[in-house]
Amino acid sequence: MWNLRIVVYIYYSFVRPVYKWLLRLTTGRCELLRIMYSQSAQLHRTSYVEYSLKHSKSPLLRSIIRGAIGNVGDTVDTVIQLKSIKPPEQAFFTHHFGKCISQINGYHQLCVEVEDLRKTLYSSVNAEHETLLLQLWNSLRPDLPLKSRIGQQWGEIGFQGDDPATDFRGMGLLGLKNLVFFSTRYTDAARSLLLHSMHPRYGYSFAIVGINITSMAYHLIDDHLKTHFYSVVQERPKIEDFHLVYGEF
């Protein structure tokens, strides 16, 4: 273990800086600019930029990942000045590096938003929460009026008890918002799955399964979903992009 740590320390403290210096000397371009020219796929370009910023010796460059500088334009201008990127290449760099920064900052902000929603407990005294819950029912069972806020009817769309609020304890408001998104965005598919869930032999609890899928998506966001967002979302990933991933499960 200690030998590995020593190797990693030597690489990032000495080998990598010397290698970067030699490449800059021979190409006349900084690492970030070389990435813009060498990587055509947005996934690879953004991933390499994030890696470069994360392992930079400059605290200012490392802070870009957290969005510390401000908007994308200010960030790009700061890097251009810091790395002395020449005017003929500034337009190219601004366009492609700006997209990378937008994706990186957007992804990290999305992770914060997802975590905040997960930690937000469902509250029956919150009008917004109650509206979302009623919207879920109306989307799935428009043919059947809800008789009361608490009652056995909730079991018809796959909740475990008379009060569905108790089923959101694990995933909080994130679980409810995913269910509402799926039932309103993919209404026909949602109703079809609800119908299948009522099968006498192969049935399942629709809402509970949906909340469990939210849990799966949540635990993937720190790793696998980053690759997905960098590949598919051209600008800043938003909470709707997370909902779309949920809908594709």
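Here the structure is a predicted model, which means the values were calculated and not measured.

**Q** In this structure, what is going on with the side chain of Arg141? I would like to understand it.
**A** Take Arg141: it is sitting in the loop between helix H7 (127–140) and helix H8 (172–185). Non-local contacts of Arg141, meaning those with residues more than four positions away in its chain, are made with Glu156, Ile157, Leu194 and Met198.

**Q** I would appreciate a short explanation of helix H10 (residues 206–220) in the present structure.
**A** Given 3.6 residues per helical turn, the α-helix brings residues three or four places apart onto the same face. With 15 residues, H10 should cover 21 Å at 1.5 Å per step; its first-to-last C-alpha distance of 21 Å lies within 8% of that length. Residues Phe206, Ala207, Ile208, Gly210, Ile211, Thr214, Ala217 and Tyr218 constitute the buried set of H10. Those residues of H10 hidden inside the fold are in contact with helix H6 (87–119), H7, H8, helix H9 (187–197), helix H11 (224–232) and helix H12 (239–248).

**Q** Before we go on, may I ask you to explain the packing of aromatic side chains in this structure?
**A** Aromatic ring pairs: the centre-centre distance and the angle between the two ring planes describe each pair. Applying the stated criterion to the full structure yields twelve aromatic pairs. Aromatic side chains Phe93 and Phe97 sit 4.7 Å apart centroid to centroid with 15° between the ring planes, which places their arrangement in the stacked category. Pair noted here: Phe93 and Phe97 are both in helix H6, with a separation of four residues, about one helical turn. On the basis of an interplanar angle of 75° and a centroid distance of 5.5 Å, the ring pair of Trp137 and Trp154 is categorised as edge-to-face. Taken together, the residues Trp137 in helix H7 and Trp154 in the loop between H7 and H8 connect sequence positions 17 residues apart. Its relative accessible area of 0% is what places Trp137 among the buried residues. A connected cluster of aromatic rings, assembled from ring pairs, spans Tyr122, Trp137, Trp154, Phe159 and Phe168.

**Q** It is not clear to me how a nonpolar patch on the surface should be interpreted in this structure. Could you clarify?
**A** A grouping of Ile6, Tyr9, Ile10, Tyr11, Phe14, Val15 and Tyr51 is seen on the molecular surface, where their side chains present a nonpolar patch of about 670 Å² in accessible area. Counting residues per element, the nonpolar patch draws most heavily on helix H1 (residues 2–27), which supplies six residues. Along the polypeptide, Ile6 turns up in helix H1.

**Q** What's the story with the nonpolar core in this structure? I'm lost.
**A** If you look at soluble globular proteins, the nonpolar side chains tend to sit buried side by side. Grouped together as the largest cluster of nonpolar side chains are 59 residues, with contacts concentrated most on Val49, Phe93, Phe97, Leu176, Ile221 and Phe242. Here this core gets ten residues from one element, more than from any other, and that element is H6. When neighbours within four sequence positions are excluded, Phe242 is seen to be in contact with Leu110, Val114, Leu174, Asn178, Ala217, Tyr218, Ile221, Leu225 and Phe229.

**Q** Honestly, the side chain of Ser183 in this entry has me stumped. Any pointers?
**A** Within the secondary structure, Ser183 sits in helix H8. Look at Ser183 and you get buried, because its relative accessible area is 1%. Looking at Ser183, its side chain comes within polar contact range of the main-chain oxygen of Val180, at 3.1 Å. Setting aside residues no more than four positions away along its own chain, Ser183 makes contact with Leu136, Ser139, Leu140 and Ala190.

Rules and cut-offs
Residues numbered from 1 in each chain as written. Predicted model: local features only at pLDDT ≥ 70, side-chain atom pairs only at ≥ 80, totals over all residues. Heavy atoms only, no water. Helix = DSSP H or I, 4+ residues; strand = E, 2+ residues; numbered from the N terminus. Contact = heavy atoms within 4.5 Å. Expected span 1.5 Å × (residues − 1). Buried < 20%, exposed > 50% of the residue type's maximum accessible area, 1.4 Å probe, protein only. Phe/Tyr/Trp six-rings, centres within 6.5 Å; stacked < 30°, edge-to-face > 60°. Patch = residues over 30% accessible without salt bridge, like charges linked within 9 Å, V, L, I, M, F, W, Y side chains within 5 Å. Areas by Shrake-Rupley, 256 points an atom, 1.4 Å probe, with all protein chains shown as cover. Salt bridge = Lys/Arg side-chain N within 4 Å of Asp/Glu carboxyl O. Core = buried A, V, L, I, M, F, W, Y, C linked by side-chain atoms within 4.5 Å. Polar contact = N/O pair within 3.5 Å; in protein donor to acceptor, adjacent residues only side chain to side chain.

No statement about biological role is implied by the geometric values presented.
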